[in-house]
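The residues making up each chain are set out below.
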Amino acid sequence: MELRIGQGYDVHALAEGLPMWLGGVRIPSETGFVAHSDGDVAIHALCDALLGARAMGDIGHLFPDTSDEWKDIDSKILLDIVTRKVCEGGWTICNADITIALQAPKVAPYIGTMRETLAKVMGITADRVSVKATTTEKLGFVGKKEGCEVWAIVLMQRL
C-alpha cells in the first residue's frame, strides 16, 4: 500500500454584490468572492491538496484564470475533473480535512451540507470529509472582512 498526503491553501478577496459559494454551497451573504470562477475558495484549496498528493501541480496550472473556458465556472466541476485525474492509476481518497477562516457570515449552519456536497463530487462518503470554520478574532484581512483563507489536507492511498 502506498499513501500520499497533499496540502492546499487558497485565499480570495470579498466584495459586495457577488455570490458567496463555499464548499459547493451557496451561502447567504451581502459579499462574495472576487475570482475568475465562482470563487469557491474551499474547493480551490481542496483541489490543490488533491493535486499536491499526486504531485500534479496546482489548480492554476490546470485551470488558468487567463482562459475564458473557466470563466464563472462552478467549482464543483473543477473538483470533479481534479478528482478523476488524481484517482487514475488505482488511487483513492481516504479523507479530506478543510479549515475555513472567515469572519462573517457564520458558516457553521452549512457545514453538514458542505461535507455532503464535497463527498458526493469526490465519490466518497461524508464521514471522510471534515469541514471546520473559524474566525481570526478580527485580526488581519480576514478579521477585517476583506477576504477568506482556506487550508485543506487530504490523504490518498493506492493498494
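Above this text sits the structure in question.
Residues numbered from 1 in each chain as written. Predicted model: local features only at pLDDT ≥ 70, side-chain atom pairs only at ≥ 80, totals over all residues. Heavy atoms only, no water.

### So, the environment of Val150
Rules: Strands here are runs of E lasting at least two residues and helices are runs of H or I lasting at least four, both read from the DSSP assignment and numbered beginning at the N terminus. Note on contacts: a residue pair is in contact if any heavy atoms of the two residues lie within 4.5 Å.
The residue Val150 is located in strand 7 (residues 147-158) in this model. Discounting residues that sit within four places of it in the chain, Val150 has contacts with Gly8, Tyr9, Asp10, Val41, Ala42, Ala45, Ile98, Thr99 and Ile100.

### Side note on the pattern of salt bridges
Stated formally: Salt bridges are defined as contacts in which a side-chain nitrogen from Lys or Arg sits within 4 Å of a carboxyl oxygen from Asp or Glu.
Scanning the entire structure with this criterion turns up 6 salt bridges. Here Arg84 ties to Asp80 by a salt bridge, and the two come within 3.0 Å at their closest N and O atoms. With Arg84 and Asp80 both in helix 3 (residues 75-86) and 4 residues apart, the pair spans about one turn of that helix.

### Quick notes on helix 3
Convention followed: To estimate how far a helix should extend, the number of its residues minus one is multiplied by 1.5 Å. Three labels apply to residues, based on accessible area from a 1.4 Å probe with only protein chains included: buried if under 20% of the type maximum, exposed if over 50%, partly exposed otherwise in between. The directions considered for the arc run from the helix axis to the C-beta atoms. Whenever two N or O atoms come within 3.5 Å, that pair is a polar contact, provided that in protein one can donate a hydrogen and the other can accept it, and provided that, for residues adjacent in sequence, both atoms are side-chain atoms.
Along its 12 residues, helix 3 runs 16 Å from first to last C-alpha, staying within 8% of the 16 Å computed at 1.5 Å per residue. Among the residues of helix 3, those classed as buried are Ser75, Lys76, Leu78, Leu79, Val82, Thr83 and Val86. The buried residues of helix 3 occupy an angular sector of 150 degrees when projected down its axis, which confines them to one face. Sitting at the amino-terminal end of helix 3 is Asp74, which places a side-chain oxygen 2.8 Å from the backbone nitrogen of Lys76.

### As for a nonpolar patch on the surface
Stated formally: Residues enter patches when their relative accessible area tops 30% and they take part in no salt bridge; the joining distance is 9 Å for like charges and 5 Å for the nonpolar side chains Val, Leu, Ile, Met, Phe, Trp and Tyr. With residues, only the protein chains shown are counted as cover, and all accessible areas are computed by Shrake-Rupley using a 1.4 Å probe.
Where nonpolar side chains cluster on the molecular surface, the patch consists of Tyr9, Val11, Phe141 and Trp151 and spans about 330 Å² of accessible area. In this fold, Phe141 is placed in helix 5 (residues 140-143).

### Quick notes on the environment of Arg158
Within the secondary structure layout, Arg158 lies in strand 7. A relative accessible area of 31% means that Arg158 is categorised as partly exposed. Sequence-distant contacts of Arg158, defined by excluding residues within four places in its chain, comprise Met1, Glu2, Gly89, Gly90 and Trp91. Looking at Arg158, its side chain comes within polar contact range of the side chain of Glu2, at 2.7 Å.

### Description of the nonpolar core
We count it as follows: Among the buried residues, those of types Ala, Val, Leu, Ile, Met, Phe, Trp, Tyr and Cys that are joined through side-chain atoms within 4.5 Å form a nonpolar core.
If you look at the biggest cluster of nonpolar residues, it comprises 45 residues, and the most contacted ones within it are Leu22, Leu46, Leu50, Ile100, Leu118 and Met122. Per-element accounting of this core gives the leading share, 10 residues, to helix 1 (residues 41-53). Not counting chain neighbours up to four residues away, the residues in contact with Leu118 comprise Gly23, Ile43, Leu46, Leu79, Ile98, Val129 and Val131.

### Regarding the pairing of strand 1 (residues 2-16)
The cut-off we apply is this: Strand pairing follows a simple DSSP-based rule, namely that at least 2 bridges must link the two strands.
The pairing of strand 1 with strand 7 spans 12 bridges and is classified as antiparallel. Its bridge partner being in strand 7, Gly8 is matched across the sheet by Ala152. Bridge analysis of strand 1 against strand 4 (residues 31-33) gives 3 bridges, and the strand direction is antiparallel. Among the inter-strand pairings, Ala15 is bridged to a residue of strand 4, identified as Gly32.

### Topic: the packing of aromatic side chains
We apply this condition: Ring pairs are drawn from Phe, Tyr and Trp, using the six-membered ring of Trp, whenever the two centres fall within 6.5 Å, and their geometry is named by plane angle: stacked under 30 degrees, edge-to-face over 60, tilted for the rest.
Enumeration over the complete set of coordinates arrives at 2 aromatic pairs. When the ring of Tyr9 is compared with that of Trp151, the centres are 5.6 Å apart and the planes differ by 50 degrees; the resulting orientation is tilted. Placement of the pair is Tyr9 in strand 1 and Trp151 in strand 7, with a sequence separation of 142 residues. On the accessibility criterion, Tyr9 (33% relative accessible area) is partly exposed. Between Phe63 and Trp70, the ring centres sit 4.7 Å apart and the planes meet at 80 degrees, which makes this aromatic pair edge-to-face.

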